[in-house]
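# Fold and geometry: a report
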Amino acid sequence: QVQVVESGGGLVQAGGSLRLSCQASGNLFGSYHIAWHREAPGKENEVVASISGDGSTNYADSVKGRFIIARDNAKNKAYLQMNNLNTQDTAVYYCDVYLLGAKISWGQGTQVTVSS
């Protein structure tokens, strides 16, 4: 079973930045499709960014131009650089791991809180 651990969340003022990390186990990391999604009370869950094994990326409109997703296959890690944060970005962020189109694992989430 693939173990996934997110880290890097915290409290930041509006306009600030955070970098989330996603550490996944296993020797197939280069084949994984990685997505970050967020969950906030009263809001629909939202996939904010994803990156395929070949490095292709996609972003939700709400974060385009502010968030950057990246991966380091040698370290079995993915990252979500979040810039110019606003209060609407407050949520628990989860790293999801997909293989051959199926979600195979996810982490426990990391809380991001943006204060005004």
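As a starting point, this report considers the structure included with it. (Residues numbered from 1 in each chain as written. Predicted model: local features only at pLDDT ≥ 70, side-chain atom pairs only at ≥ 80, totals over all residues. Heavy atoms only, no water.)

### A few points about the overall build of the protein
Looking only at helices and strands, one finds 0 helices and 11 strands in the protein. Start at the N end of the protein and walk to the C end: the helices and strands fall as β-β-β-β-β-β-β-β-β-β-β. The C-alpha atoms of the protein give a radius of gyration of 13 Å, which matches the 13 Å a tight globule of 116 residues would have. Projecting the C-alpha coordinates of the protein onto the three principal axes gives extents of approximately 40 × 25 × 25 Å. Taken over 116 residues, the protein has a buried fraction of 41%. (Helix = DSSP H or I, 4+ residues; strand = E, 2+ residues; numbered from the N terminus. Rg over C-alpha atoms; globule rule 2.2 N^0.38 Å. Buried < 20%, exposed > 50% of the residue type's maximum accessible area, 1.4 Å probe, protein only.)

### Quick look at the side chain of Asp96
With respect to the helices, strands and loops of the structure, Asp96 is situated in strand S9 (residues 91-99). For Asp96, a relative accessible area of 1% corresponds to the buried category. In this structure the side chain of Asp96 is engaged in a polar contact, spanning 2.6 Å, whose partner is the side chain of His37. Those residues within four positions of Asp96 in sequence are excluded, and the remaining contacts are His33, Ile34, Ala35, His37, Lys103, Ser105 and Trp106. (Polar contact = N/O pair within 3.5 Å; in protein donor to acceptor, adjacent residues only side chain to side chain. Contact = heavy atoms within 4.5 Å.)

### As for unusual backbone geometry
Phi angles above zero are rare outside glycine, and Asn76 is one such case at about 55°. Inspection of the secondary structure puts Asn76 in the loop between strand S7 (67-72) and strand S8 (77-82). We classify Asn76 as buried; its relative accessible area is 16%. Despite not being glycine, Leu100 shows a phi value in the positive range, around 55°. Secondary-structure assignment places Leu100 in the loop between S9 and strand S10 (102-106).

### Side note on the pattern of salt bridges
Side chains that carry opposite charge are capable of pairing whenever their charged atoms lie near each other. Per the counting criterion, the structure on display carries 5 salt bridges. Of the charged contacts, one joins Asp89 and Arg38 as a salt bridge, the two residues approaching to 2.9 Å between their closest N and O atoms. Taken together, the residues span a long stretch of sequence, with Asp89 in the loop between S8 and S9 and Arg38 in strand S4 (residues 33-39) at a distance of 51 residues. As far as burial versus exposure is concerned, Asp89 and Arg38 are alike and both buried. The shortest N-O distance in the salt bridge between Asp96 and Lys103 comes to 3.8 Å. Given the relative accessible area of 38%, Lys103 is considered partly exposed. Ionic contacts of the salt-bridge type, sharing partners, join the residues Arg38, Glu46, Arg66 and Asp89 into one network. (Salt bridge = Lys/Arg side-chain N within 4 Å of Asp/Glu carboxyl O.)

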